[in-house]
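Descriptive analysis of the structure
The chain contents come next:
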Amino acid sequence: MEQVSYGYQTVSPEEKTRRVRSVFERVAARYDLMNDFMSGGLHRVWKDAFVNRVKPRAGERILDMAGGTGDIAFRMAKRGAQVTVSDINPEMLKVGQDRAAKRGQGDLGWSEQNAETLSFGDREFDAYTIAFGIRNVTDIPKALREAHRVLKFGGRFFCLEFSTTEWPGFGEVYDAYSHHVVPKIGKVVANDEEAYRYLIESIRRFPPMPEFERMIAAAGFKRTKVEPILGGLVAIHSGWKV
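Heads up: these notes are all about the structure in this document. (Residues numbered from 1 in each chain as written. Predicted model: local features only at pLDDT ≥ 70, side-chain atom pairs only at ≥ 80, totals over all residues. Heavy atoms only, no water.)

Some words on the packing of helix H6 (residues 140-150) against helix H10 (residues 209-218)
The contact between H6 and H10 brings their axes to 9 Å, and the two run at 50°. Between H6 and H10, the angle falls in the class oblique. Judged by the sense of rotation from one axis to the other, the crossing of H6 with H10 is right-handed. Two secondary-structure elements touch here, H6 through Ile140, Pro141 and Leu144 and H10 through Phe212, Met215 and Ile216. Broken down by class, the residue content of the contact of H6 with H10 amounts to six nonpolar, no polar and no charged. (Axes fitted to C-alpha atoms, helices over the stretch in contact; angles between N-to-C directions. Helix = DSSP H or I, 4+ residues; strand = E, 2+ residues; numbered from the N terminus. Parallel < 35°, antiparallel > 145°, perpendicular 65-115°, else oblique. Left-handed = near helix turned anticlockwise from the far one by under 90°. Contact = heavy atoms within 4.5 Å. Nonpolar A, V, L, I, M, F, W, Y, C, P; charged D, E, K, R; others polar.)

Structure representation (structure tokens):
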């Protein structure tokens, strides 16, 4: 029977999908606040850098996958892109839609989607973005193939994700902080220690940068690239459909 990782546990694919959905249902309302605590506010800087690399242009159609709260989509829409925000979790999408309404940003599309089985047609989008979401997908290679499918020829793929820093000493310090402090913060701020323990464990189980780059290439993308930030604590991965 096929098994996949759920944090440090090994479960069936169906069980992982169910558990991940439950995690984000529980933390949706405080997800971005917790990102501030988990990253010391740096996630905002990383997202700005990510969107600068995407270089969204006016009139482009962009699919922002696992983008429920709208953080990436808001940044890209400011530049005139036509962004469809997709997420498997309706609670996350609801948070994003509420935020968009408060901002008066009615130009975004919202769609409940599973990254592994997108309902969009072939070659619909100019760019596909996913920030801090790919590690929660049950079948990552399948999701990458779907990303390739829905992109137009000449389309670009960009992924922002936690990785493993290669800076001596820093990795050990962050590892201790993330494993021992972040779940406690999650308990205080979101009343959910277990959910944030999973989020940290999922980072540790995510493939190293070179391995994930090979997965992107295996899905059909060319000119793949990895740009480490803070020695690889997070990384921007990219590829082209050519």
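Next comes the rest of the write-up.
A few points about the pairing of strand S8 (residues 222-229)
One ladder, built from six bridges, connects S8 with strand S9 (residues 234-240); its direction is antiparallel. Bridge pairing in S9 places Glu227 opposite Ile236. Linking S8 back to S9 in an antiparallel pair, the connection comprises four residues, with Leu230 at a positive phi of about 55°. (Pairing = 2+ DSSP bridges.)

Looking at the sheet that holds strand S6 (residues 125-131)
Sheet architecture is open: seven strands sit in the order S5-S4-S3-S6-S7-S9-S8, paired in mixed fashion. Edge positions in the sheet fall to strand S5 (109-112) and S8, since each has one partner strand and no second. Strand-to-strand twist in this sheet, taken as the mean axis angle between neighbours without regard to direction, amounts to 15°. Bridge count for strand S3 (residues 61-65) against strand S4 (residues 82-87) is five bridges, and the pairing is parallel. Counted as the bridge partner of Leu63 is Thr84 from S4. Packing against the sheet, helix H3 (residues 42-54) makes contact with S6, strand S7 (151-162), S8 and S9, and its axis sits at approximately 165° to S7.

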